[in-house]
Amino acid sequence: MTFAPTPRPAARPAARRRGALIPTLVVLVIAGILLMITSQVWTEVLWYDQLGFVDVLRTEWVTRGALFVAGFLLMAGAVYASLQVGYRTRPVYAPSTPEQASLDQYREMIEPLRRIVMLAAPAVLGFFAGAAASAQWADALLFLNGGQFGQTDPQYGLDLSFFMFDLPILRFVVSFLMAVVVIAGIAGIATQYLYGGLRIGGTGDRTTPAARVQLGVTAALVMLLIGANYWLDQYSLLTKAGELIQGASYSDVNAVLPSKRILTAVAVLVAVLFLVAAFRGTWRLPAIGVGLMVVSAVAIGGIYPAVVQRFQVAPNEQEAESEYIQRNIDATKAAFGLEDVEVIPYDAATEAEAGALRADAETAASIRLLDPAIVSPSFRQLQQNKQYYDFPDTLSVDRYVIDGESRDTVIAVRELNLDGLGQDQRTWVNDHTVFTHGFGVVAAYGNTTAADGRPAFYQGGIPSEGSLGDYEPRIYFGQNTPEYSIVGAPDDTEPWELDFPDDEAGGQVNTSFPTDEIEAGPSIGNLWNQLLFSLKFGSEQIMFSDRVTEESQILFDRDPHDRIEKVAPYLTLDSRAYPAVVDGKVLWIVDGYTTGDTYPYSASRPLDDVTADALTATSDTIAALAPQEVSYIRNSVKATVDAYTGEVTLYAWDEEDPVLAAWQSIFPATIEPMSEIDGELMSHLRYPEDLFKVQRNLLATYHVDTAAEYYSGQDFWRNPQDPVTESQLQPPYYLTLQMPGQDDPTFSLTSTFVPGGNTDREVLTGFLAVDAEPGSTDGEPREGYGQLRLLELPRNSTVPGPGQVQNNFDASPEVSQNLNLLRQGNSTVRSGNLLTLPVGGGLLYVQPVYVQSSQGTQFPLLQRVLVSFGDQIGFAETLQEALDQVFEGDAGVEDVQPGEDAEVVPDAPVDPDAPEVVDPDATAEPTTEPTTEPTTAPTTQPAPSGDARARLDAALAEAQQAIEAGQSALAEQDWVAYGEAQDRLQAALEAAIAAEQELEG
């Protein structure tokens, strides 16, 4: 009898297939994670390599990696060893107690996972420790490469490099080792307790010999590290913030410092006692030692310094602290470059006399009337050209030689603004391959305007034309660019990048970036790079678009700040990047600082706070500084970014800075010497704003020279609030002026001071200016660049400060009447920056006044100029007229009129498809009722006889009609009609004022 074989169940192969599925999924997930990491890492390598700074990335990553490994191994190794020692030295038989009975349950629960826990716990802790260690890469590199300062501290006589380069990393190492020992000790103690080597309750010995050794050695290490902390504390005293000064005070030096040394010795002694206890079996001696240390810390480290402060220092504080206050003054001035401030007593005149400005005629004629924080809408309306271009909210101030004369200039780059495109046009192709760059710069004279109040442009239009000559106008790198752009195309392909709009060329001219000649970004001509960048930007179109060819390059991280921060991560960058046309190229210029926070005895300042002002609060292009306390700062580097190629160049500016020298040894060949700066680039460099803000903040206190002056504090100053916004500090202003002691006017950065303390008085106490003009010599700044000059006014001075001057303007009946009339209808009056100039033996204030529509198309036009000298006020259509009103009819200055020595280029055609530009900061100002009547020179002719009331009503009606006619002309870009309307408005205002004065008189 034959039996057929029984078929096997088909389940086994299915089970094998299911078994292979999970490993396959795991492999795919791991591969996907690795690919995503690669897409971020390798694309960064490509970016740095293309710029020529891959050594910077390599050095940083290698240092970070080495520190991570060291931190990981230290923490993970210590915790793992502590766990293993606790487990392997556990007692074979634990005493039978209720405590151990309850622990038996936990041991049974943990035992199946013990091996995993003993590996996973150290690994997790090691990962976090490694991450903390890797963050110290900069301090570690400075420790290894820092040189000598050549200066010593006043307490220990150590070279300052110890405090700047060594002390920060030493403190970190001690704190890190403390964390390692404490965490490893806790892990070992917990293991000993769990397995019976350590008991809390019961009788007899509560520790096994092995547990006692582990506990004693751990405690000894902790005490040694506490002693090391005490030892380092004596040096950190010189950098700590006290109630009176930064640095060690009398009680610190004479009480705290000795106590730190005593506590160091006590900690070492207690560590020895713990080691003895670990092998001799009694905890009595270390317990006594710990008690002694606690008592010492309270008595010697706390009570004794407090007693010295209360009974020895406080009754004689000025004399006791005098030496240490002087240390603070001297160190602060050295650390912030304030040692050579030229202090000039300035008994400012307050009475205006005829011809008083004749000696300062060049300065007065250069007064900047164009406010870069206000006129951006005018640049947009008159030079934007197309809706996909834009200008920043705050423009830049520079100077250019026009017809042989240096002219202060307001300049801006015409950058891309993809938000100006309609939603239907926002496709991937348009956003990343068509609209790839902006086009050209627009420049206007700073000290004059066109006849109707518009900026007087001497460079503008598309294609760009004007006085700056030929230059590369394409802006591929700037402050407002797409996240990424793909540029370049084969030679036999029709270009598809929009270059500029042109009616004669069918609407636009296209171009292709010459990727065969210039490397502006990493190549994406191969499939591997296309895959990585597709993952980086989450854009599959990079993989599949026909516009990504072998010639294509991808441009990203295009903001000047971003590019410089990446290639020079050791620099703190000035918050402003400004454009300049240099050698036929548009360059973005950014100032770089080396900083530190451990300069002994120097005052420290939070950079983000002291550099904030009314301008940074509203600007869209002034980058906010990250929170950072600094007690040392140098403008060590001038950096440029080519707006066309993206090339980043770093120039050493302060070649005597020890911190910069250290970084140059770390990153050799990445910083060019100053000698490589050519004369044309030199002429557009300037003294940086943020450094000046820090210095003016410090000089409000540290303009005093002696400890007695500092201690009394009666002569401390402050920087005034911005009188226009009344919400933030008044920003410093770039002006061309001649300070007392200077032979000629120079491009300068200026600020003012008013009394400090608990007072709201706004009289002027000081005026600060720095020579911001480095000249135009190759590789060498001119003598005098960077010289700070401080005008100190007499302490009984009554020269009005900015707030008082603004109040006088607002309260003047003549001014308020004119401004109220200008506000009628759909007009808004905007006050420009209030400039201060030391001319005519006193202080002259100048403020431009702009008028713009309050709805619809809005852009400001300069219509009036306010001037103040002492208590005299001038208010007129031109600066010369306003000055003459103040200085008895003749200020001694000839006004610069547009069209005489100012070449003005025509406005760009207005794009009919462009959306209305509404200035978000434009708000109607409330009418200010006059409260006082300062002396004001007359601005109108006597009114003719007749019914004054009827003439006033008729004049107001005529003014209203003129305003409406002017607004209509603005909307239609009819400048002839607008000029006629302004003439009508001026005549109506004069008639109205005359009629009102007749009614009042």
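On a predicted model such as this, the values are computed, not experimentally measured, just so you know.

Procedures and definitions
Residues numbered from 1 in each chain as written. Predicted model: local features only at pLDDT ≥ 70, side-chain atom pairs only at ≥ 80, totals over all residues. Heavy atoms only, no water. Buried < 20%, exposed > 50% of the residue type's maximum accessible area, 1.4 Å probe, protein only. Helix = DSSP H or I, 4+ residues; strand = E, 2+ residues; numbered from the N terminus. Pairing = 2+ DSSP bridges. Salt bridge = Lys/Arg side-chain N within 4 Å of Asp/Glu carboxyl O. Patch = residues over 30% accessible without salt bridge, like charges linked within 9 Å, V, L, I, M, F, W, Y side chains within 5 Å. Areas by Shrake-Rupley, 256 points an atom, 1.4 Å probe, with all protein chains shown as cover. Lys, Arg positive; Asp, Glu negative; His and termini not counted. Charge placed at Lys NZ, Arg CZ, Asp CG, Glu CD. Phe/Tyr/Trp six-rings, centres within 6.5 Å; stacked < 30°, edge-to-face > 60°. Lys NZ or Arg CZ within 6 Å of the ring centre and 35° of its normal. pLDDT = per-residue confidence, 0-100. Contact = heavy atoms within 4.5 Å. Core = buried A, V, L, I, M, F, W, Y, C linked by side-chain atoms within 4.5 Å.

Q: Sorry, what's going on with the pairing of strand E12 (residues 497-502) here?
A: Two faces belong to every sheet, and in a regular strand the side chains alternate between them. With five of six residues buried, E12 is to be regarded as a mostly interior element. As paired elements, E12 and strand E13 (residues 507-511) share five bridges and run antiparallel to each other. Within E13, the position partnered with leucine 498 by the bridge is asparagine 510.

Q: Looking at this structure, how should I read the pattern of salt bridges?
A: Close approach of charged atoms allows side chains of opposite charge to pair. All told, the structure shown has 31 salt bridges when counted by the stated rule. When the shortest N-O distance is used, the salt bridge between lysine 638 and aspartate 591 registers 2.4 Å. Within this pair, whereas lysine 638 is found in strand E20 (residues 632-642), its partner aspartate 591 is found in strand E17 (residues 585-596), the two being separated by 47 residues in sequence. Judged on exposure class, the residue lysine 638 and its partner aspartate 591 are both buried. Linking arginine 634 and aspartate 654 is a salt bridge whose minimum nitrogen-to-oxygen distance equals 3.9 Å. Of this pair, arginine 634 sits in strand E20 while aspartate 654 sits in the loop between strand E21 (648-652) and helix H18 (658-666), placing them 20 residues apart in sequence. Taken together, the shared-partner salt bridges in this structure form one network comprising Glu44, Lys536, Asp557 and Lys566.

Q: Just checking my understanding: could you explain a negative patch on the surface for this structure?
A: Together, Asp491, Asp492, Asp516, Glu517, Glu550 and Glu551 make up a negatively charged patch on the protein surface. Of note, glutamate 550 is situated in the loop between helix H15 (541-544) and strand E14 (553-556). Here glutamate 550 falls in the exposed class, since its relative accessible area comes to 66%.

Q: Sorry, what's going on with a nonpolar patch on the surface here?
A: On the surface, Ile22, Val26, Val29, Ile30, Ile33, Leu34, Ile37, Val41 and Trp61 cluster together into a nonpolar patch covering about 800 Å² of accessible area. Ranked by residue count, the leading element in the nonpolar patch is helix H1 (residues 11-51), at eight residues. Among the secondary structure elements, isoleucine 22 is positioned in helix H1. Isoleucine 22 gets classed as exposed once you look at its relative accessible area, which sits at 55%.

Q: Explain the packing of aromatic side chains here, please?
A: Ring pairs (aromatic) are described by centroid distance and by the angle formed between their planes. By the definition in use, this model includes 38 aromatic pairs. Judged by centre distance (5.7 Å) and plane angle (35°), the rings of phenylalanine 172 and phenylalanine 176 are tilted. A residue pair is termed a helical-turn pair when its members lie 3 or 4 positions apart in one helix, as phenylalanine 172 and phenylalanine 176 do in helix H6 (residues 160-194) at four residues. Put simply, the rings of Tyr156, Phe162, Phe163, Trp231 and Tyr235 pair up and form one aromatic cluster. It is lysine 638 that lies over the ring of tryptophan 653; its NZ or CZ is 5.1 Å from the centre.

Q: Would you mind going over the confidence of the model for the chain with me for this structure?
A: Low-pLDDT portions of the prediction should not be read for the details of their coordinates. Of the residues in the chain, 89% reach a pLDDT of 70 or more, and the chain-wide mean stands at 87. Counting contacts from residues 896-902, a segment whose pLDDT is below 50, to residues more than four positions away or on other chains yields 14 contacts. Low confidence marks residues 915-946, where pLDDT is under 50. Its contacts with residues over four positions away, or in another chain, come to 70 contacts.

Q: Teacher, can you tell me more about the environment of glycine 291 here?
A: Mapped onto the secondary structure, glycine 291 falls in helix H9 (residues 284-313). Since its relative accessible area comes to 32%, glycine 291 is described here as partly exposed. Separated by 21 residues in the primary sequence, glycine 291 and valine 270 place their C-alpha atoms 9.7 Å from one another.

Q: I keep staring at the nonpolar core and nothing clicks. Help me out?
A: A general feature of soluble globular proteins is that nonpolar side chains tend to end up buried together. Grouped together as the largest cluster of nonpolar side chains are 135 residues, with contacts concentrated most on Ile542, Ile554, Leu650 and Trp663. Setting aside its immediate chain neighbours within four residues, isoleucine 554 contacts Tyr484, Ser485, Ile486, Gly521, Pro522, Ile524, Phe533, Phe537 and Ile542.

Q: Please explain helix H23 (residues 813-823) as it appears in this structure.
A: What sets the pattern is the α-helix's 3.6 residues per turn: residues three or four places apart point alike. Within H23, nine of the eleven residues are buried, which leaves the element mostly enclosed by the surrounding structure. Along H23, the positions that sit buried rather than exposed are Glu814, Val815, Ser816, Gln817, Asn818, Leu819, Leu821, Leu822 and Arg823.

Q: I'm lost on the pairing of strand E16 (residues 578-582) in this one. Help?
A: Counted residue by residue, E16 has five buried out of five residues, so it is predominantly covered. Here E16 shows a buried face lined by Tyr578, Ala580 and Val582 and a second buried face lined by Pro579 and Val581. Two strands pair when backbone bridges link them, and E16 and E17 are joined in this way by five bridges, in the antiparallel orientation. Note that in E17 the partner of tyrosine 578 across the bridge is isoleucine 589. Where E16 hands over to E17, the hairpin turn is made up of two residues, of which aspartate 583 adopts a positive phi near 50°.

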